[in-house]
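# Close look at the chain arrangement
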Amino acid sequence: MSIKSISAKIFAQYIVSKTKKWSRNPGASQQQVFEYLISKAEKTRFGEDHNFKAIESYEAFKKLVPIRDYEELKPYVEQVVAGKPDILWPGLPEYFAKTSGTTSGAKYIPITAESMPMHVNAARDAILHYIADTGNSDFVDGKMIFLQGSPELQTKNGIKTGRLSGIVAHYVPGYLQRNRMPSWETNCIDDWETKVDAIVEETHDKNMTVISGIPSWVQMYFERLKARRDLPVGAIFPNFELFIYGGVNYEPYRKKFENLIGRKVDSIELYPASEGFFAFQDSQSEKGMLLLLNSGIFYEFVKADSFFEENPERLSITQVELGVNYVMIISTTSGLWAYNVGDTVMFTSLKPYRVVVTGRIKHFISAFGEHVIGKEVEEALTEASIEHQVQVSEFTVAPQINPASGLPYHEWFIEFDREPQDLNAFAKAIDENLQKQNSYYYDLIAGNVLKRLEIRKIQPGGFNMYMKSKGKLGGQNKLPRLSNDRNIAEALEQLNF
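For the rest of this paragraph, the subject is the nonpolar core. Judged by nonpolar contacts, the single largest core of 86 residues is most densely connected at L291, Y299, F301 and W337. If you tally residues by element for this core, the top one is helix α6 (residues 116–134), at seven residues. Residues contacting Y299, with those up to four places away along its chain left out, are Q30, F277, F278, L291, L292, L293, L315, S316, I317, M328, I329 and I330. Listed in part, the 41 residues of the second largest apolar core include W192, Y221, V265 and I458.

Rendered as structure tokens:
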């Protein structure tokens with residue numbers, strides 16, 4: 001065991017002990033964050049507009065600061081983008097994380113000198129918790145690859161701007177720089193397919209031990225790596241031990257990855273976003289990710305079923321329950337206030353607080369009142385795939401409201417790596433699994449309002465072609481699992497899939 005490996009174990013124990021201190025006092029940890037945020041931003045434009053001087057409790061905060069999404073916060077953000085200080089947070093942000101919005105074009109999410117370390121430390125701590133949990137630290141001596149956006153940044157009114165993953169690339173600690181791949185030059189390649197090919201050439205003969213990225217894009221890397229060497233990934237990288245991912249549920253990809261790798265490897269799930277690093281998997285045996293309650297983020301939760309009502313109830317961390325689907329609301333040291341991230345989460349544990357991401361509040365199907373969410377379709381597909389020995393590469397679901405004949409239904413667009421022997425039986429299995437999870441969907445099927453779902457097969461590589469047609473191939477881009485309209489469905493149809 002190397003000195004680096006031994007040091008990692010010692011540091012891991014120290015970080016875990018710090019985590020236990022705040023996680024055992026969740027209410028106090030969040031109250032401390034809340035008080036700091038309010039006092040720090042009291043003299044900002046936003047703080048003055050919302051009378052932060054009068055806020056002495058969470059109840060007062062709820063009365064004075066309404067929930068906002070990016071569109072509603074945009075008038076303030078635009079002032080920050082224009083270079084005006086003290087608008088949402090004291091001074092100016094260090095960076096803007098630029099993301100693609102659906103209705104507003106580009107979004108500019110501020111990252112401040114206080115919020116930036118939270119992104120870096122959370123990623124580090126996720127690995128250290130894994131080391132403490134498993135005792136495995138040998139991988140720190142090997143090469144690590146992080147599939148991410150370009151680290152090249154632009155400047156907007158004196159503030160550096162780019163993708164979050166590209167910004168974070170500038171903060172890789174010195175002790176990891178020698179291990180980190182790909183090279184800076186390769187990381188800066190814009191075209192994703194060219195970039196993946198270059199990464200394959202740089203890494204196929206290296207001692208890779210850790211690989212990180214969004215599963216769909218790591219899958220592309222694995223497929224091209226396997227084609228390059230005509231070997232399973234696990235044989236190309238015999239010391240590959242750990243896969244780190246975030247952004248989407250890994251379960252629909254797990255079987256495919258195990259086949260590409262040729263064996264099982266441990267994994268760590270992360271919950272990062274431009275708005276903050278919210279949670280990471282702290283245990284290999286417990287379900288869910290540890291919600292980070294001491295990282296400059298104050299959390300609120302609204303039950304997803306009531307979110308679109310007028311004045312829905314807002315809950316603090318101490319008021320949440322297990323097994324309820326919540327919309328997550330955040331206030332942060334980057335100046336986001338009662339901000340709707342758009343994600344829905346469900347708590348799997350309250351001691352400590354652990355969550356799973358269940359979907360997006362705007363990514364659901366409720367065209368008929370069923371309110372089917374991402375977690376439900378992913379679990380239904382996973383169970384059916386195991387039963388029918390099917391491998392799915394990618395999928396998305398949309399409502400078919402006006403079929404040529406018969407009842408409406410949910411249409412599943414699926415790209416298979418291994419197709420079912422009986423597509424009809426496979427569709428039936430998915431549908432039955434979905435009915436078990438969602439009583440509204442069951443009632444609509446039983447009441448002959450909807451008919452059973454139908455599957456439309458997508459040709460190999462079809463979803464990548466779709467993402468490329470939208471300029472969203474690779475990087476941190478993710479295909480929505482669910483849509484309440486047929487925009488994606490119609491685009492796929494136009495591409496003659």
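Okay, helix α17 (residues 462–469) next. Looking only at α17, the buried set comprises G462, F463, Y466 and M467. One face of α17 carries all of its buried residues, which in axial projection span an arc of 135°. Immediately downstream of α17, the backbone of G471 shows phi near 70°, a positive value.

Below, the discussion takes up the sheet that holds strand β12 (residues 297–303). Ordered by their spatial adjacency, 11 strands build an open sheet running β6-β3-β7-β8-β9-β10-β11-β15-β14-β13-β12, and the pairing between neighbours is mixed. The open sheet has two free edges, formed respectively by β6 (180–181) and β12, since each of these has just one partner strand. The sheet contacts of helix α2 (residues 26–40) involve β12, β13 (326–332) and β15 (353–360), and relative to β12 the element is tilted by about 110°.

The subject of this paragraph is the environment of T332. Structurally, the position occupied by T332 is in strand β13. When residues no more than four places from it in sequence are discounted, the contact partners of T332 are L37, W89, E275, G296 and I297. Of the polar contacts made by the side chain of T332, one reaches the side chain of S334; its length is 2.7 Å.

Our next topic: the side chain of H204. Tracing the backbone shows H204 in the loop between α10 (192–203) and β7 (208–212). Apart from residues no more than four positions distant in its own chain, H204 is found in contact with L225, R228, R229, I236 and F237.

Parameters at a glance
- Residues numbered from 1 in each chain as written.
- Predicted model: local features only at pLDDT ≥ 70, side-chain atom pairs only at ≥ 80, totals over all residues.
- Heavy atoms only, no water.
- Core = buried A, V, L, I, M, F, W, Y, C linked by side-chain atoms within 4.5 Å.
- Buried < 20%, exposed > 50% of the residue type's maximum accessible area, 1.4 Å probe, protein only.
- Helix = DSSP H or I, 4+ residues; strand = E, 2+ residues; numbered from the N terminus.
- Contact = heavy atoms within 4.5 Å.
- Arc of directions from axis to C-beta.
- Pairing = 2+ DSSP bridges.
- Axes fitted to C-alpha atoms, helices over the stretch in contact; angles between N-to-C directions.
- Polar contact = N/O pair within 3.5 Å; in protein donor to acceptor, adjacent residues only side chain to side chain.

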